[in-house]
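Here are the chains, one letter per residue:
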Amino acid sequence: MTTIYEHDVIVVGAGGAGLRAAIAAHEEGADAALVTKLHPVRSHTGAAEGGINAALRDGDDWELHAYDTMKGSDYLGDAPAVEGLAQDAPEEVIQLEHWGMPFSREEDGRVSQRPFGGLSFPRTTYAGAETGHHMLHTMYEQVVKRGITVYDEWFVTRLAVTDDADPSERECHGVVAYDVATGEIAGFRATGGVVLATGGLGQVYEHTTNAVSCTGDGNAMAYRAGVPLEDMEFIQFHPTTLPSTGVLISEAVRGEGGILYNADGERFMFEYGYATNKGELASRDVVSRAELTEVNEGRGVHDDYVYLDMRHLGEDRIVDRLENILHLAEDFEGVDGLEEPMPVKPGQHYAMGGVETDEYGATCVEGLYAVGECACASVHGGNRLGGNALPELIVFGARAGRHAAGADLGDALIGTGRSGEVEEEDGLDLPVEPGATTGGDAVADGGAVTEAGSVVEAAVEAERSRVERLMERDDGVKHSEIRAAVQETMGNHVNVFREEEGIKQALRDIRKARERYEDVYVADPSRTFNTDLVQTIETRNVIDVAETIALGALARTEFRGAHWRAEHQERKDDEWLKHTFVTWNDGTPDLWYKPSVLEGEGGEYEPKVRSY
Amino acid sequence: MSTQEQEPATQEQEPPETESPGDRRRAEKQRRLAADRQAEAEAATTTDEETVLLKVFRYDPEVEDKQEPRFDDFHVPYEDGMTVLDALIYARDTFDSSLTFRHSCRQAICGSDALFVNGSQRLACKTQLSDLDAPVRVEPLPHQDVVKDLVVDMEHFYDQMHAVEPYFQSDDLPEGDLEEQRQSRENREKVKMSTRCIWCGACTSSCNIAAGDNQYLGPAAINKAYRFTMDEREADKKEHRLRILEQEHGVWRCQTQFSCTEVCPKDIPLTEHIQELKREAVKKNLKFW
Amino acid sequence: MAEHYSSFRPRGTMWLLQRVTAVILIVLLAFHFFMLHFVTHAADITFAGTEARMSSVTYYLTMVLFLVTATFHGVNGVYAALLNQGLDGRAKTVVQAVLVVASVGLIVQGIRVANAMAGISL
Amino acid sequence: MSHSYDRGLVEDFGRWREFTAGMWAWIFHKFTGWILVGYLFTHIAVLSTAIPGAAGETVNDVNVYTYTIQELESLLLVRVMEVGLLAVAVFHILNGIRLLMVDLGIGLDAQDRSFYLSLVLTAVIAVASVPTFLEGML
Ligand SMILES: Cc1cc2nc3c(=O)[nH]c(=O)nc-3n(C[C@H](O)[C@H](O)[C@H](O)COP(=O)(O)OP(=O)(O)OC[C@H]3O[C@@H](n4cnc5c(N)ncnc54)[C@H](O)[C@@H]3O)c2cc1C
Ligand code: HEM
Ligand code: SF4
Ligand code: F3S
Ligand code: FES
């Protein structure tokens, strides 16, 4: 009595990326369905505040946008993806406008744009300080309009992928999902393709701007199905989050002219030479490190944070453009942004890395796509520019949706899987074995075992028995303890500043977490809305994802973009102009590299010193 | 009523009578663990630490002793700046992992955690414990069926939202590549508040009329319609929009109780929007006389 | 979708009439109270006095208008209140009929009374 | 959802302690409106004695209409109820005006204050009218 739902295109996740993919597939004539663990409007895209980069105006063009993005990425972006983003963003943004998105407006009635960190032109299109909210709702509205099927509060736990020694030979036929409301486990067969759009992985860290639901599920599921995770060590720490909760204070505050002060009232970005040109508007990694350095050198407030001041902008401007910030500061920190400076410190914000895809969002597994924050196309390389994630969602969401629906987009320039110039890592000094523990059936999975016809059914069965076992256990460790342990070690050791010994400690702790996970148990006996079970499964994903981040961080012995290593204080272009990849390899992870693609339409992007 | 008259439950939980022996064992274990933890928590209370008492509504159709709704007590150590959501998470992670509630963003944007806290609809993540009288009573949103503990069935709310054709449908798009529709600042300002809705359902839950008349669109859906009706970019569809709103269970049902406006966590002036639409509808109809 | 909310008959007219009658009633009710409780004391009312007032055509017409608006306003208000509580289907039709009959009855009886007071016989 | 728990409509009124100003205004307006319609019907019924009255019918040599009204007015209960009726009408009028303002979008921010004001004014007017209404009774 296995229920199998069948659609042409199954989109997992209904944030900005997933919604756009579903709409695109639908417009291509496919029967698309969204399967999402949260109702679409609850997705974390709604939290994005600042804006969407798109070269819309005279004086700006996509080449400039691509150039800024490549520079921001510290030359680890792949040119075809970066250029694709810059080229398609304007059209996609205007599409949103035509769907009614309430953008902020200029006097002449056109959409407003503002400056953002790392951009050579004020090209960040915005809707107040709640751009993501409007984008998410506008696209959900279009999904309703088109009558696209939405399975909400269905938690996808596993991909139905055929087995083959070589992941590039595997095919994805669908997914398995758990209906949170009733506890039913069902299969979803996709005749065209499965698009993963599960968003961020911020829950790997304790102090994060990401939602509680951002547990890197898509990354972990694709990883265990054999798809490589790319550049996982590149985690962006946003310089302005509220110290108590991690709630984000948008970069727009600095874009509009907000100023950072240390405890001594010094404008440290200039005073201490962190970024003598751009000051507060330098790239996020630069500002985050500057703040932490201030705190570490004793110039922080309460040894914890610095101040972000916007009072001088004046009440009118603040209320007009940053009103939402006033509410956030008031509700979550009890600070009135019109009257006093706001306390801020760096917090985990964005994962540049993710599931490896080409510039159409396709992975090396046939029929499996990934878009949005869970994917790595790679647009952001070593560091994402503010306002570049939202356009990524719509640009690549649309492409993957179309591709999965069967549209011919031409050949991809970016190769996927172990093809091209692959370089294996074999000399890495690991403190413990990463990957699967022995025993513990709740922990084992990997690729499925059957041929194409019955792969979805088989995956459903495998998932049923996993859930059965998790539910059966009487006693043991609670997922919340394991998750907290992982978050703690990641926060201590694989944060803004990284040292070799620390990363190794993190790997040891993650290993311990894996072992404890073998004894994890679900206390809630109910099948109805069992969030205990859902979070237990998510925690497994958090562990897997944390491990890939730590592995990448240990391997990359240089300082590039958001990745800073104490022992390696410079960017090493000779050795490290390449992406890191981690593959699950059925439980014994492999590390390998491929060079980044710097050859674009307008020639080669020359790595330059990144100074702001 | 029934929810209120229930005696706050004792911490003891009867072993639920469930199907398989495995289930029973599990439940037995759980009872013991929960009791232990509660005892620990109680012990913690007697020390000098400052704690807040939460009385939380519990119900689970599948677990024997939760089938009859009850309130459980949780003593949560208080920290500065703690919200109701923080306290619930603490209670769940520390005392009883079966405590169930929706939440995600922790920053008042996903709209998952509208709850009935001390007699009024609030977003748990946005409600500071320091603003509440102790003990803090936490219940699921009124007027919606309870699925489990604090989780309510939102289907009907979504249906109402979908009923107002909540999507842009202007046929009047500008010609030419990359040509946007123009919208004046004033017009954007006019619809601005209405676009902030996060679909939390607090307003509809607070409205007596929505409670009595299940077909009443309710303040959230009407506000959603307002967002389109008043958007000058969609002027060609205004009449169509008003036709939906002036149906029997549309705007006329609103009796200006204002509770929707009072509870909306996004400060949307719902009553004002509804009233404006009533006037628009009357104006439209007057034209035909 | 919206269609399943059946009735597309605009209820705006009723809503508007309820407000319009309310405005009229503010004036009429104040006048009425003033006349019969303050100018003439309720306890001092006699048939002769009533007859005298009613024989003025303006007063007569005002009172009929008062009767009609008050009846409409009151009965429509009651009906709207019931609808808000979810009155539907057959019950709704029945209530509607009962209320219409009651209103018509009230107005007819009211006019008969007024006629008697004004000395009009048909 | 097959197994969900419906707390029913009763709980709503079990929550009266938690009602806000606008809800009380709604309930009072409703309540007073219904009393007024009830009174309207009764009132016409009483006045109907004018029909036999006009035909010359009498009780104890007094016109039946005059007699009925004066008999009623001589009862303390009726006088007291008249004060109540006045209060009911005054509240309904004042809150009615408040509602009309709300309909026009005027003073929405003051909706709770205007409700309290209606209550206070009603009380004042009702009290002030007592001497007039009870004249000759005490
Ligand atoms: C506070 C904040 C502010 C930001 N501001 C900006 C900005 O100004 N500009 C910008 O460009 N970028 C910004 N970003 C980054 C950007 O918002 C995110 O990267 C982007 O929204 C991610 O979108 P997504 O569609 O990939 O994922 P999400 O919106 O997170 O959606 C993920 C979806 O996947 C579903 N899902 C996850 N796991 C599962 C599963 N196992 N089964 C089923 N469904 C699942 C979820 O239900 C959800 O629907 C910001 C990010 C944050 C956190
Ligand atoms: C004198 C001035 C009056 C004013 C300003 C007034 C105003 C109003 C208004 C605005 C409403 C509509 C409330 C709503 O739909 O939200 C209403 C309802 C009502 N009115 Fe009046 N009214 C007046 C007199 C009367 C009289 C004389 C009667 C009795 C015959 C009456 C009976 C009612 C009833 C029964 C309702 C419906 C109440 C409900 O919702 O249950 N009103 N009034
Ligand atoms: S209008 Fe306000 S209360 Fe109602 S659903 Fe929207 S945000 Fe929530
Ligand atoms: S509470 Fe209900 S009655 Fe109207 S003003 Fe709000 S919708
Ligand atoms: S957790 Fe998202 S609104 Fe409260």
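Cut-offs and rules
- Residues numbered from 1 in each chain as written.
- Chains lettered and ligands numbered in written order.
- Predicted model: local features only at pLDDT ≥ 70, side-chain atom pairs only at ≥ 80, totals over all residues.
- Heavy atoms only, no water.
- Phe/Tyr/Trp six-rings, centres within 6.5 Å; stacked < 30°, edge-to-face > 60°.
- Buried < 20%, exposed > 50% of the residue type's maximum accessible area, 1.4 Å probe, protein only.
- pLDDT = per-residue confidence, 0-100.
- Contact = heavy atoms within 4.5 Å.
- Helix = DSSP H or I, 4+ residues; strand = E, 2+ residues; numbered from the N terminus.
- 1 Å grid on protein atoms, 1.4 Å probe; cavity = no way out; pocket = protein on both sides within 12 Å on 5 of 7 lines; lining within 4 Å.
- Points joined across faces, edges and corners; volume = space filled by probe spheres on them.
- Domains from an automatic or database assignment.
- Nonpolar A, V, L, I, M, F, W, Y, C, P; charged D, E, K, R; others polar.

Here's the deal with the packing of aromatic side chains
Working step 1: Evaluated as defined, the whole model comprises 28 aromatic pairs over all chains.
Working step 2: Seen from their ring centres, Tyr305(A) and Tyr307(A) are 6.2 Å apart, and the 70° between their planes marks the pair as edge-to-face.
Working step 3: Overall, the relative accessible area of 14% leaves Tyr305(A) in the buried class.
Working step 4: Given the relative accessible area of 26%, Tyr307(A) is considered partly exposed.
Working step 5: Measuring from ring centre to ring centre gives 5.1 Å for Trp252(B) and Trp15(C), while their planes differ by 45°; the resulting arrangement is tilted.

Some points on the confidence of the model for chain B
Working step 1: Averaged over chain B, the pLDDT score is 85; the fraction of residues at 70 or greater is 82%.
Working step 2: For residues 1-22 of chain B, every residue scores under 50 in pLDDT, and the model assigns this stretch 54 contacts once sequence neighbours within four places are set aside.

Section: unusual backbone geometry
Working step 1: Omega for the bond connecting Ala377(A) with Ser378(A) falls within 30 degrees of zero, at 0°, which places this linkage in the cis form.
Working step 2: Considering the arrangement of structural elements, one finds Ser378(A) in the loop between β17 (375-376) and α10 (389-404).
Working step 3: Looking along the chain, the bond that leaves Ala134(B) and enters Pro135(B) is cis, with omega of -10°.
Working step 4: Following the sequence through the fold, Pro135(B) ends up in the loop between β4 (120-123) and β5 (136-139).
Working step 5: Backbone geometry places Asp303(A), a non-glycine residue, at a positive phi of 55°.
Working step 6: Its location among the elements puts Asp303(A) in the loop between α8 (284-296) and β13 (306-309).
Working step 7: The backbone of His143(B) shows a phi angle near 70°, a positive value even though the residue is not glycine.
Working step 8: Its location among the elements puts His143(B) in the loop between β5 and β6 (146-148).
Working step 9: The class for His143(B) is partly exposed, based on a relative accessible area of 26%.

A few points about empty space enclosed by the protein
Working step 1: Counted according to the given criterion, the structure contains 16 cavities of 30 Å³ or more.
Working step 2: Roughly 730 Å³ of volume is contained in the largest cavity.
Working step 3: Lining the largest cavity are 48 residues, with His44(A), Thr45(A), Gly199(A), Gly200(A) and Glu373(A) sitting closest to its centre.
Working step 4: Listing elements by their share of the lining of the largest cavity, those giving two or more residues are α1 (16-27), β2 (32-36), β7 (154-161), α5 (217-224), β14 (342-351) and α10 of chain A.
Working step 5: Taken together, domain 1 (4-235 + 349-410) and domain 2 (236-348) of chain A each give at least three residues to the lining of the largest cavity, which thus spans both.
Working step 6: Taken as a whole, the second largest cavity spans an internal volume of roughly 340 Å³.
Working step 7: As for the second largest cavity, its lining consists of 21 residues, and the residues nearest its centre are Lys37(A), Leu38(A), Thr531(A), Arg102(B) and His103(B).
Working step 8: With four residues, the single largest contributor to the lining of the second largest cavity is helix α14 (residues 531-555) of chain A.
Working step 9: Residues of the lining of the second largest cavity, tallied by class, amount to eight nonpolar, seven polar and six charged.

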